[in-house]
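Structure assessment
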Protein chains: 2
Amino acid sequence: MLIESVPNISEGRNLKLINSIVRKIKSLNSYLLKDIHYDYDHNRSVFTIVGKPSMVFESIHIIAQNVINLDINNHIGVHPRTGIIDVIPFIPVKNISYQKLIRMVDKFAMSFFRKYRIPVYLYYLSARKEKTRVLGKIRNKGIEFIKRLSLEDKEFIPDIFEDYIFHPTLGVTFIGVRPPLIAFNFNLHTPDVENVLNKARKVANEIRESNGGIKNVQALAFFLQSKNTVQLSINVLEADKTDFFEIFQKIVKKLNENGLILKETELVGCFPSSLIENIVKNVFKTNNFTIEKIVKFQK
Amino acid sequence: MLIESVPNISEGRNLKLINSIVRKIKSLNSYLLKDIHYDYDHNRSVFTIVGKPSMVFESIHIIAQNVINLDINNHIGVHPRTGIIDVIPFIPVKNISYQKLIRMVDKFAMSFFRKYRIPVYLYYLSARKEKTRVLGKIRNKGIEFIKRLSLEDKEFIPDIFEDYIFHPTLGVTFIGVRPPLIAFNFNLHTPDVENVLNKARKVANEIRESNGGIKNVQALAFFLQSKNTVQLSINVLEADKTDFFEIFQKIVKKLNENGLILKETELVGCFPSSLIENIVKNVFKTNNFTIEKIVKFQK
């Protein structure tokens, strides 16, 4: 039984803290951490952890214990967030059904709440209420929105809480099972920030599925001060069933049509194997490649 | 300790025989056989085997034992060959030096000779004589050349033999350690066989390193009767240190300049992980992908 979790924390600047967490997870098991992505401007770190459920849960506790002294109210960053341990997605990898993982994650969420007293939203496949099913619809509206929620509409309150619906310093945490997604950033040539950011926002609006754009695509545009670069940041849902190569080409075309030039991209986390097979198939016009045919030779 | 071997046999039409070999290797260990590639026109099968040395050697004996009743004199196919078990390359994969593998392969070659009485050329890194170091320079000249060799120049005779330098039915076998290579076929749109084959031969001549073409590239052009298709077949040497993406693009450009159109490609065997990283890096303009970031999700 193998699962993936991709905890996002609202801290991407304190490298000493981040490296210390990385070391602790690696000392648990050197294969657990598949990727760590942090960013000054987003001020966010994304851990990609794959392993047996017990080890994955333990890794998340290591992360949580190391950030519980932070304060979400002091957090500055371009990425939307409403908690220090902002979101903890879970994805089945091998020999485990969505149903079973949902039950395990329900239990994990309860133990997480009991340990840290952080109110939990169960989202996406773990959701109990339609209004809190989609992470972005709540989280992206920000802290003040969450704080006001219970007064306005009980459907919006967290699924697990007791004394308060927003932890005074740690905020709330979204926990849920979801299919794999690809988090991918397009960093743009930025000779003129305002102009490029406006155009990137226009592109983000147009490609977003929720606006009738590209199926499975979520998109936001940011200005990264530390890099003096505008970034179009996308999530591609249903990543293992999606033609990401085609989506990538569509987005690059759309960028170019708007006079935007791609400088480089960043992968946040991991790629599903089907995507790698898809790239090789498209680039080489070949039908007989699978990831099982990759051999890693020693250097 | 992990090694790769890519035995090529001069039999690609008898699917019953090939499938029976595949089953026998898999029953030894289900992970050993990374790929099997066979082709009617080449009349050749290429097994890609990765595992512990003892298991890899055992797999090769399984293959050999299953083809020792064939006769190289009856073989028909477009691919150059001088033996039923034509060539057995070995490549270090993990925790083994070239030096150590060369010594192991020397021993394997002796036991191979003692068992099947097939004269053995030790080639490439295992070579003992400069004139028999490069496989293509001898093998590609054909059976008659090999048979005539000892009369003309002792430097050309096999490294291991006793009563004859060419086994009456099994020919000779090339055994040697070499770095990883990529075997890759470009199948071309073939409206007019003669014209396309001539052009493909011209391209093969031009891209071949030995003619001053592309570094690390070996190339041949074939007509595949069963597919009514002309094929440009290449080997890329030093595969793990080579920019195959660039080579691929150069060759496609050269094909197009000569009025040739790529229909599809075929990978023979496996790709080194560095190549996959290279493709992703080039296609997505990204610097932060490694194959460790591939997650294989269950279907």
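About the thresholds
Residues numbered from 1 in each chain as written. Chains lettered and ligands numbered in written order. Predicted model: local features only at pLDDT ≥ 70, side-chain atom pairs only at ≥ 80, totals over all residues. Heavy atoms only, no water. Helix = DSSP H or I, 4+ residues; strand = E, 2+ residues; numbered from the N terminus. Rg over C-alpha atoms; globule rule 2.2 N^0.38 Å. Buried < 20%, exposed > 50% of the residue type's maximum accessible area, 1.4 Å probe, protein only. Areas by Shrake-Rupley, 256 points an atom, 1.4 Å probe, with all protein chains shown as cover. Pairing = 2+ DSSP bridges. Axes fitted to C-alpha atoms, helices over the stretch in contact; angles between N-to-C directions. Contact = heavy atoms within 4.5 Å. Buried area = accessible area lost by both parts, 1.4 Å probe. Salt bridge = Lys/Arg side-chain N within 4 Å of Asp/Glu carboxyl O. Polar contact = N/O pair within 3.5 Å; in protein donor to acceptor, adjacent residues only side chain to side chain. Domains from an automatic or database assignment. Least-squares fit on C-alpha atoms with pLDDT ≥ 70 in both. Expected span 1.5 Å × (residues − 1). Phe/Tyr/Trp six-rings, centres within 6.5 Å; stacked < 30°, edge-to-face > 60°. Lys NZ or Arg CZ within 6 Å of the ring centre and 35° of its normal.

**Focus: the overall build of chain A**
On a plain count of helices and strands, chain A comes out with eight helices and 13 strands. Radius of gyration (C-alpha) of chain A: 19 Å, near the 19 Å computed for a compact globule of 299 residues. Projected onto its principal axes, the C-alpha positions of chain A cover 55 × 45 × 40 Å. Across the 299 residues in chain A, those meeting the buried criterion constitute 58%. Carbon and sulfur atoms make up 50% of the accessible area of chain A, which totals about 13100 Å².

**Let's talk about the sheet that holds strand 8 (residues 182–188) of chain A**
All names here are of chain A. Pairing is antiparallel across the open sheet formed by four strands, whose spatial order is 9-10-8-11. Pairing within the sheet leaves two strands with one partner each, and these edge strands are strand 9 (217–224) and strand 11 (262–268). Taken over all neighbouring pairs, the strand axes of this sheet differ in orientation by 20° on average, direction set aside. By the bridge criterion, eight bridges tie strand 9 to strand 10 (residues 229–236) in an arrangement that is antiparallel. Bridged to Q218 within strand 10 is N235. Strand contacts of helix 7 (residues 244–257): strand 8, strand 9, strand 10 and strand 11, with the helix running at about 25° to strand 8, the strand carrying the most contacts.

**Some remarks on the interface of chain A and chain B**
Interfaces are often sized by the amount of accessible area the parts lose when they come together. Contacts between the two partners involve 47 residues from chain A and, on the opposite side, 47 residues from chain B. Across the chain A/chain B interface, buried area totals approximately 4100 Å², and carbon plus sulfur atoms make up 59% of it. Taken as a group, F284(A), F297(A) and Q298(A) account for 19% of the area that chain A buries against chain B, more than any other trio of residues on that side. In this assembly, chain A and chain B are joined by four salt bridges. Across the salt bridge formed by K293(B) and D35(A), the nearest N and O atoms sit 2.8 Å from each other. For the pair chain A and chain B, the number of links is 30 residue pairs in polar contact (both at pLDDT 80 or more).

**Let's talk about the domain arrangement of chain A**
Residues and elements named next belong to chain A. For chain A, the assigned domains are domain 1 (2–177) and domain 2 (182–292). Here the C-alpha centroids of domain 1 and domain 2 sit 24 Å apart. Each side of the interface is counted separately: domain 1 has 15 residues, and domain 2 has 15 residues. Interface area lost by domain 1 to domain 2 is led by H37, D41 and H42, which between them contribute 42%. In this structure, the salt-bridge partner of K227 is D39, at a minimum N-O distance of 3.9 Å.

**Section: the sheet that holds strand 8 (residues 182–188) of chain B**
Residues and elements named next belong to chain B. Strands sit in the order 9-10-8-11 across an open sheet of four strands; the sheet is antiparallel. Single-partner strands in this sheet number two, and they are strand 9 (217–224) and strand 11 (262–268). This sheet shows a mean twist of 20° between the axes of neighbouring strands, independent of strand direction. Here strand 8 pairs with strand 10 (residues 229–236) via seven bridges, running antiparallel.

**Some points on the pattern of salt bridges**
All names here are of chain A. Under the defined criterion, the tally for this structure stands at 32 salt bridges over all chains. A salt bridge links K227 to E266; the nearest nitrogen and oxygen atoms lie 2.8 Å apart. You can see K227 sitting in the loop between strand 9 and strand 10 and its partner E266 sitting in strand 11, a full 39 residues away along the chain. Each of the salt bridges in this network shares a partner with another, and the network as a whole consists of D39, K227 and E266.

**Focus: the relation of the copies chain A and chain B**
By a simple turn and slide, chain A fits onto chain B: the slide is 0.0 Å along the axis, the RMSD is 0.0 Å, and the turn is 180°. This pairing of chains is accounted for by a two-fold axis. An overlap of 100% is found between the interface residues of chain A and their copies at the interface of chain B, pointing to a shared contact surface.

**Let's talk about unusual backbone geometry**
Of note, N228(A) is a non-glycine position whose phi angle comes to about 50°, a positive value. With respect to the helices and strands, the residue N228(A) is situated in the loop between strand 9 and strand 10. For Y124(B), which is not glycine, the phi torsion reads 45° and is therefore positive. Note on Y124(B): relative accessible area 24%, which makes it partly exposed.

**Observations concerning helix 1 (residues 15–28) of chain B**
Spanning 14 residues, helix 1 of chain B covers 20 Å between terminal C-alpha atoms, matching the ideal 20 Å at 1.5 Å per step. For helix 1 of chain B, the complete set of buried residues consists of L17(B), I18(B), S20(B), I21(B), V22(B) and I25(B).

**Comments concerning the packing of aromatic side chains**
For the coordinates displayed, the defined rule picks out 38 aromatic pairs over all chains. Ring geometry for F57(A) versus F108(A): centroids 4.8 Å apart, planes at 15°, classification stacked. With F57(A) in helix 2 (residues 53–67) and F108(A) in helix 3 (residues 98–116), this pair connects stretches of sequence that are 51 residues apart. A residue is classified by how much of its surface remains accessible, and F108(A), at 4% relative accessible area, is buried. Pairing F184(A) with F244(A) gives two aromatic rings, centres 5.0 Å apart and planes at 75°, and the pair type is edge-to-face. One end of the pair, F184(A), is in strand 8; the other, F244(A), is in helix 7, with 60 residues separating them in the sequence. Residue F184(A) is classed as buried on the basis of its relative accessible area of 0%. Among the aromatic residues, those joined into a cluster by ring pairs are F184(A), F186(A), F244(A), F248(A), F271(A), F284(B) and F289(B). Above the plane of the ring of Y40(A) lies R13(A), whose end atom (NZ or CZ) is 3.9 Å from the centre.

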